[in-house]
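Chain and residue survey
One letter stands for each residue in the lines below.
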Amino acid sequence: MSAAGCRAELFRLDRSATLDEALTLVGRLNADEAIDAILVQSPLPEGMGKDAEQRVFDAIDPAKDVDGFHPYNVGLLVQKRPALVACTPLGCIELLEREGIPLKGQHAVVIGRSDIVGKPMAMLLLQRDATVTICHSKTPDLPATAARGDILIAAIGRPAFVTRDFVKPGATVVDVGTTPISDRALIEKIFGKDSPRLETFAKRGSIVVGDVHPSAAEVAGALTPVPGGVGPLTIAMLLKNTIAAAEARAR
């Protein structure tokens, strides 16, 4: 039992498990009245097939879909009727609002167009009256486009990719990236040879690096840390979704 009053059960499938086995387990959890929330740890084994992840997400009961990935919940979000929303973008919004960062009338730039973060992030910002630009790998002159944003969300999974050239002076920068790096030379290149991050590397053999380069802090008005920034908010939003799902099913 967690401090939030939630009981968690872990169901492990063998690495050699088939897609049918995964779908069978999801079906069993859908039918179990003692289960209010279902969270699937991805990526799934390659042996399940390229479309396995989407098929498993689609099979989850939308009322128990605390990841917010089911097409039904995505559709509600698009229609400005959010029920269960993807946890990471919801955590970003929680962070911005609690820090008193204005969203209405601001230009928000989202780097990344994934179904998990980029797209729902754009929808949540749009619904708060921000003007939203979504950037991706085919965006021409990406740094210049990003540097027009009053709010910059980096969610591409490329460590230290977003340098100071991407950041408008005074902008709020939210770093969603969490990439483990075990290459000391690369860590020194990103953070410098005197960085305290090297002490963490020496103890653990790796560190987690965000999408935003440390140089961005020189021009940003606010910048979330990695680790310790968006990650804890993602977990908090998962608990929030779980409680919301349980309360909705109890009505």
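In short, a report on the structure. All values derive from a computational prediction rather than experimental measurement.

Counting secondary structure elements, the chain contains nine helices and seven strands. Computed over the C-alpha atoms, the radius of gyration of the chain is 19 Å, within 12% of the 18 Å expected from 2.2 N^0.38 for a compact globule of 251 residues. For the chain, the spread of C-alpha atoms along the principal axes amounts to about 50 × 45 × 40 Å. In the chain, which comprises 251 residues, the proportion classed as buried is 42%. Within the chain, residue pairs in contact and separated by at least 24 positions form 62% of the contacts whose partners lie at least 6 positions apart. In the form shown here, the chain has an accessible surface area of approximately 13700 Å², with 53% of it arising from carbon and sulfur atoms. Between the averaged position of the 28 positive side-chain charges in the chain and that of its 30 negative side-chain charges there is a distance of 3 Å.

The next subject is the pattern of salt bridges. Within this structure, the stated rule accounts for nine salt bridges. Note that R7 and E9 form a salt bridge whose closest N and O atoms lie 2.5 Å from each other. Within the structure, one salt-bridge network assembled from shared partners comprises E33, D36 and R249.

Here we come to helix α9 (residues 230–250). Here α9 contains 21 residues, and its C-alpha end-to-end distance of 30 Å stays within 8% of the 30 Å for a straight helix at 1.5 Å per residue. Check the buried side of α9 and you find it contacts α4 (87–98) and β4 (172–175).

Another aspect to go through is helix α7 (residues 184–191). Think of an α-helix as turning once every 3.6 residues; residues three or four places apart then point the same way. Sitting at the head of α7, D183 places a side-chain oxygen 2.9 Å from the backbone nitrogen of A185. Phi for G192, located one or two positions after α7, is positive at around 95°.

Thresholds, definitions, all that
- Residues numbered from 1 in each chain as written.
- Predicted model: local features only at pLDDT ≥ 70, side-chain atom pairs only at ≥ 80, totals over all residues.
- Heavy atoms only, no water.
- Helix = DSSP H or I, 4+ residues; strand = E, 2+ residues; numbered from the N terminus.
- Rg over C-alpha atoms; globule rule 2.2 N^0.38 Å.
- Buried < 20%, exposed > 50% of the residue type's maximum accessible area, 1.4 Å probe, protein only.
- Contact = heavy atoms within 4.5 Å.
- Areas by Shrake-Rupley, 256 points an atom, 1.4 Å probe, with all protein chains shown as cover.
- Lys, Arg positive; Asp, Glu negative; His and termini not counted.
- Charge placed at Lys NZ, Arg CZ, Asp CG, Glu CD.
- Salt bridge = Lys/Arg side-chain N within 4 Å of Asp/Glu carboxyl O.
- Expected span 1.5 Å × (residues − 1).
- Polar contact = N/O pair within 3.5 Å; in protein donor to acceptor, adjacent residues only side chain to side chain.

In short, shape yes, function no, at least from these values alone.
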